[in-house]
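Notes for the structure review
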Amino acid sequence: MNLVSSSGYIFFFPDEDDCHPCPNDTWSLKGWTKCEPRTVKYLQWSDPYPIALLVGVGVGLLLLIIVFVCFIVYRNTVLIKSANLLMSCFMMVGLAVSFGSVVLFMDEPSIHLCRAQQTMYALGFTLCVSCILVKAFRTFLAFMAFDPVSHHRLNKLYKPLIIMVLATSVQGLVCVFWLIYDTPNVDQTPPSNQSMIHVLQCSER
């Protein structure tokens, strides 16, 4: 009888009637005559996709440095003063942190990398958005100049540093509770029975 083994099972001998499961950390596909270790895949530094990401990160950080230098050199001009130098610098810091978080997605994932990836990106993104919120609020106040009473009331709420620190701190607390009660980890879900590739990645819950 010509029997064909199923996924995860093999026949040790051609004349056997029963197939045997593959040993630990090995697998076989349908019709295979031997078990082999599954290939483990993750984002490696030498792969084309991570290299493209790192090039993008490098370009982004270089542009941020150039913009920062320009802001510092021309900090006394009307244009830079109107752009709010302090908030602009904090915004660039947030963007730099967000860019830097991309590096944490490279290499073999671990529980510490999984935790740092989302936390670093969330804090950087929130810092950047809070600065945008401050700038938007300032623009809104400028359009409210025709109504002195409303402008005076809203101007009392215009506290750039407090708004930025409060928004980032709230996001920080959210990250702390998230890490405590629903912390991410390396996804240990086995691949499908028809795959010999085990993709290592962080669990997204």
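Residues numbered from 1 in each chain as written. Predicted model: local features only at pLDDT ≥ 70, side-chain atom pairs only at ≥ 80, totals over all residues. Heavy atoms only, no water.

1. Quick notes on the packing of aromatic side chains
To keep things clear, this is the line we draw: Note on aromatic contacts: the rings of Phe and Tyr and the six-membered ring of Trp form a pair at centre separations within 6.5 Å, being stacked when their planes are under 30 degrees apart, edge-to-face when over 60 apart, and tilted otherwise. Counting from the N terminus, the helices are DSSP H or I runs at least four residues long and the strands are E runs at least two residues long. Throughout, exposure labels follow a simple rule: accessible area from a 1.4 Å probe, protein chains only, divided by the maximum for the residue type, with under 20% read as buried, over 50% as exposed, and the rest as partly exposed.
A full pass over the atoms with the stated rule returns three aromatic pairs. Consider the rings of Tyr121 and Phe125, whose centres lie 5.8 Å apart with planes at 20°: the pair is stacked. Placement of the pair is Tyr121 and Phe125 together in helix H4 (residues 111-143), with a separation of four residues, close to one helical turn. Owing to a relative accessible area of 38%, Tyr121 belongs among the partly exposed residues under this scheme. Taking 5.9 Å as the distance between ring centres and 75° as the angle between the ring planes, the aromatic pair formed by Phe137 and Tyr158 counts as edge-to-face. Placement of Phe137 in helix H4 and of Tyr158 in the loop between helix H5 (148-155) and helix H6 (160-181) is noted, with a sequence separation of 21 residues between them.

2. Describing the state of the cysteines
This is how it is decided: By convention in this document, the label disulfide applies to cysteine sulfur atom pairs within 2.5 Å.
Scanning all chains against the criterion turns up one disulfide. Residue pairing for Cys114: its cysteine sulfur links by disulfide to Cys202, the two sulfurs lying 2.0 Å apart. For the disulfide bridge between Cys114 and Cys202, the dihedral angle about the S-S bond is near -85°, and by the sign convention the bridge is left-handed. With Cys114 in helix H4 and Cys202 in the segment after strand S6 (197-199), the pair connects residues that are 88 residues apart, well separated along the chain. Accessibility assignment for this pair places Cys114 and Cys202 in one class, buried. Note on Cys89: no disulfide assigned, nearest cysteine sulfur contributed by Cys131 at a separation of 9.6 Å. Among the residues examined, Cys89 registers a relative accessible area of 18% and is labelled buried. Here Cys128 is not cross-linked by a disulfide; its sulfur's nearest cysteine counterpart is in Cys131, at 6.7 Å.

3. A word on helix H3 (residues 85-101)
Since the α-helix packs 3.6 residues into each turn, any two residues three or four apart lie on the same face. Going by this rule: Multiplying 1.5 Å by the helix residue count minus one yields the expected span of that helix. Here a residue-residue contact requires only that any non-hydrogen atoms of the pair lie within 4.5 Å.
The terminal C-alpha atoms of H3 lie 25 Å apart, and with 17 residues this matches the ideal 24 Å at 1.5 Å per residue to within 8%. On its buried face, H3 sits against helix H1 (48-73), H4 and H6.

4. Quick look at the packing of H4 against H5
Our working definition: All axes are obtained by fitting lines to C-alpha atoms, using only the stretch in contact for helices, and the reported angles, taken between N-to-C directions, cover 0 to 180 degrees. Just so you know how the angles are binned, under 35 degrees is roughly parallel, over 145 roughly antiparallel, 65 to 115 roughly perpendicular, and the rest oblique. Handedness of a crossing follows from how the near helix is turned relative to the far one, being left-handed for an anticlockwise turn of less than a right angle and right-handed for a clockwise one. Polar here means any residue other than Ala, Val, Leu, Ile, Met, Phe, Trp, Tyr, Cys and Pro, which are nonpolar, and Asp, Glu, Lys and Arg, which are charged; Gly is therefore polar.
Contact pair H4 / H5: the axes reach a minimum separation of 9 Å and the direction vectors enclose 160°. Accordingly, the angle class assigned to the pair H4 and H5 is roughly antiparallel. Handedness of the crossing formed by H4 with H5: left-handed. Residues Phe137, Phe140 and Leu141 of H4 form the contact with H5, whose own contacting residues are His151, Leu154 and Asn155. Taken together, the residues of the contact of H4 with H5 break down into four nonpolar, two polar and no charged.

5. Let's talk about the side chain of Asn84
The test is simple: Two N or O atoms count as a polar contact when they lie within 3.5 Å, although within protein this holds only if one can serve as hydrogen donor and the other as acceptor, and sequence-adjacent residues are included solely when both atoms are side-chain atoms.
You can see Asn84 is positioned in the loop between helix H2 (78-82) and H3. Polar contacts involving the side chain of Asn84 include one to the main-chain amide nitrogen of Met87, which spans 3.3 Å. Asn84 has contacts with Lys135, Arg138 and Tyr158, leaving out every residue within four places of it along the chain.

6. So, the environment of Tyr121
Here the alpha-carbon distance between Tyr121 and Gly100, two residues 21 residues apart in the chain, equals 8.2 Å. Apart from residues no more than four positions distant in its own chain, Tyr121 is found in contact with Ser98 and Ser101.

7. Examining the confidence of the model for the protein chain
The condition that has to hold: A residue's pLDDT is simply how confident the predictor is in it, with values from 0 to 100.
Mean pLDDT over the protein chain: 81, with 83% of residues reaching 70 or higher. Confidence, expressed as mean pLDDT per element, reaches its minimum in the protein chain at strand S1 (residues 9-10) with 58 and its maximum at H1 with 92. The model gives residues 1-5 a pLDDT under 50, and that stretch makes twelve contacts with residues more than four places away or in other chains.

8. Brief notes about the packing of H3 against H6
Axis separation between H3 and H6 bottoms out at 11 Å; the angle between their running directions is 20°. Put simply, H3 runs roughly parallel to H6. Crossing geometry of H3 relative to H6 is assigned as right-handed. The segment H3 lies against H6, with Leu86, Met87 and Phe90 engaging Pro160, Leu161 and Met164. In the contact of H3 with H6, the residues fall into six nonpolar, no polar and no charged.

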